[in-house]
Amino acid sequence: MYKIKLLLIWVFGFFLLLSFDLFIEAFVFEWLEWNGTNKNDWFFALWWGAVAIWFIYGLIHFYKTFKK
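To start, this report covers the structure provided alongside it. From a predicted model like this one, the values you see are computed outputs, not experimental measurements.

**Considering the overall build of the protein chain**
On a plain count of helices and strands, the protein chain comes out with 2 helices and 0 strands. Rg of the C-alpha trace for the protein chain: 16 Å, well past the compact-globule value of 11 Å for 68 residues, more than 25% over. By its C-alpha atoms, the protein chain is 50 × 20 × 10 Å across when sized along the principal axes. Within the span of the protein chain, comprising 68 residues, buried residues form 22% of the whole. For the protein chain, contacts bridging at least 24 residues in sequence account for 67% of all contacts bridging at least 6. Of the side-chain charges in the protein chain, 6 are positive and 5 negative, and the distance between the mean point of each set is 31 Å.

Spelled out as structure tokens, the structure:
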């Protein structure tokens, strides 16, 4: 049961990160008029960093859980 819960939290985290990205792109960047410019590159670098950290964090926990 713990393994399924861990998987669901991990997948939900990806959907949460994607939803945050879509919200920022659709509303904040439009409001700031940053779409199509280089001003939003820092956000995407941080966002992909967060996605990579979430992915690696999940893999480590999966490895520890399934190793037991």
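This is not the end of the story, as more comes after the structure.
**Things to note about the environment of Tyr2**
Tracing the backbone shows Tyr2 in helix H1 (residues 2–32). Residue classification places Tyr2 among the exposed residues on the basis of a relative accessible area of 56%. In this structure the C-alpha to C-alpha distance between Tyr2 and Leu59, which are 57 residues apart in sequence, comes to 15 Å.

**Digging into unusual backbone geometry**
Of note, the phi angle at Glu33 is positive, near 60°, even though the residue is not glycine. Positionally, Glu33 belongs in the loop between H1 and helix H2 (41–67). Glu33 sits in the exposed class, given a relative accessible area of 64%.

**Concerning the nonpolar core**
Counting 7 residues, the largest nonpolar core is built from Leu17, Ile24, Phe29, Trp34, Phe43, Trp47 and Val51. Counting residues per element, the ones that place at least two in this core are H1 and H2. Other than its neighbours up to four places away in sequence, Val51 contacts Phe14 and Leu17.

**Thoughts on the packing of aromatic side chains**
Tallied over the entire structure, the rule returns 14 aromatic pairs. Ring centres 6.0 Å apart and planes at 50° place the aromatic pair Phe20 and Phe43 in the tilted group. You can see Phe20 sitting in helix H1 and its partner Phe43 sitting in helix H2, a full 23 residues away along the chain. With relative accessibility at 7%, the residue Phe43 sits in the buried group. A centroid spacing of 6.2 Å and a plane angle of 85° characterise the contact between Trp42 and Phe43, whose relative ring orientation is edge-to-face. When its relative accessible area of 48% is taken as the criterion, Trp42 is described as partly exposed.

Calculation notes
- Here the residue numbering is sequential within each chain, running from 1 through the sequence in written order.
- In view of the model being predicted, local features appear only for residues whose pLDDT reaches at least 70, and side-chain atom pairs are presented and counted only at 80 or more, with totals across whole chains, interfaces and linings using the full set of residues.
- Only hydrogens and water are removed before side-chain values are computed, so all heavy atoms of the structure are retained for them.
- Only DSSP runs of H or I with at least four residues qualify as helices, and only runs of E with at least two residues qualify as strands; both kinds are numbered from the N terminus onward.
- Note that the radius of gyration is over C-alpha atoms, with the globule rule given as 2.2 Å times the number of residues to the power 0.38.
- Burial classes: relative accessible area under 20% of the type maximum marks a residue as buried, over 50% as exposed, and values in between as partly exposed (1.4 Å probe, protein chains only).
- We call two residues in contact when some of their heavy atoms are within 4.5 Å.
- Working convention for charge: Lys and Arg count positive, Asp and Glu count negative, and His plus the chain ends are omitted.
- The atoms used to mark charge sites are NZ of Lys, CZ of Arg, CG of Asp and CD of Glu.
- We define the nonpolar core as a collection of buried residues of types Ala, Val, Leu, Ile, Met, Phe, Trp, Tyr and Cys that are connected through side-chain atoms lying within 4.5 Å of one another.
- Working definition: a ring pair exists when centres of Phe, Tyr or Trp rings (six-membered ring for Trp) sit within 6.5 Å. Plane angles under 30 degrees give stacked, over 60 give edge-to-face, the rest tilted.

Functional significance is not addressed by these values, which are geometric in nature.
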